[in-house]
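Chain by chain, the residues run as shown.
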Amino acid sequence: MEVNSDENDRTIRVAGQKEEEEEEILKKRILLHPLFSLLVETHIDCIKVALGEIQDNDKANGKEEAKLKLETLNCADISEFDLFMEAYCIMLNKLKEAMKEPLQETESFIEGMYKQLNEINENHPEPNSSA
């Protein structure tokens, strides 16, 4: 019975090592992928938008850049993984745009309110308290 337990432990260890190796290979594939830098950049842009650091002068549209980078690969070489990376970049870009729009609307509203308050303040100066 102990022999059977040892074999099970060894099988579990071997399976765990194989899983770790596959995970490392996948990480390397992701890091070396042509779209990885765009993916990271788009992710950082999403975080910036969430923090309120909206920038209107985006370098390039993430969708277009992802498609251009994939087009440089040979059509026969495009795998499901390539398509996944492209789709992930596009979705992150859409998320960034979806987050950016309400923040810009809010910012415009607040700026408009400040202008109105300043106009009211300028048109109706405080009465002198010396009477």
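Please refer to the structure placed before this passage.
Residues numbered from 1 in each chain as written. Predicted model: local features only at pLDDT ≥ 70, side-chain atom pairs only at ≥ 80, totals over all residues. Heavy atoms only, no water.

### Details of the packing of aromatic side chains
Next, step 1: Counted by the stated rule, this structure contains one aromatic pair.
Next, step 2: Aromatic side chains F84 and Y88 sit 5.8 Å apart centroid to centroid with 25° between the ring planes, which places their arrangement in the stacked category. With F84 and Y88 both in helix α4 (residues 80-123) and four residues apart, the pair spans about one turn of that helix.
Next, step 3: Here the guanidinium or amino end of R29 rests over the ring plane of F81, the centre of that ring lying 4.3 Å away. (Phe/Tyr/Trp six-rings, centres within 6.5 Å; stacked < 30°, edge-to-face > 60°. Helix = DSSP H or I, 4+ residues; strand = E, 2+ residues; numbered from the N terminus. Lys NZ or Arg CZ within 6 Å of the ring centre and 35° of its normal.)

### Observations concerning the pattern of salt bridges
Next, step 1: Applying the stated criterion across every chain, the model contains four salt bridges.
Next, step 2: Where D45 meets K96, a salt bridge forms, and the shortest distance between an N and an O atom there is 3.9 Å. Pair noted here: D45 is in helix α2 (residues 36-50) and K96 is in helix α4, with a separation of 51 residues, a long-range link.
Next, step 3: Judged by relative accessible area, D45 falls into the partly exposed class, the value being 22%.
Next, step 4: Note that K100 is salt-bridged to E97, the shortest N-O span being 3.8 Å. With a gap of three residues between them, K100 and E97 both fall in helix α4, about one helical turn apart. (Salt bridge = Lys/Arg side-chain N within 4 Å of Asp/Glu carboxyl O. Buried < 20%, exposed > 50% of the residue type's maximum accessible area, 1.4 Å probe, protein only.)

Interpretation note: all reported values are geometric properties and have no functional meaning in isolation.
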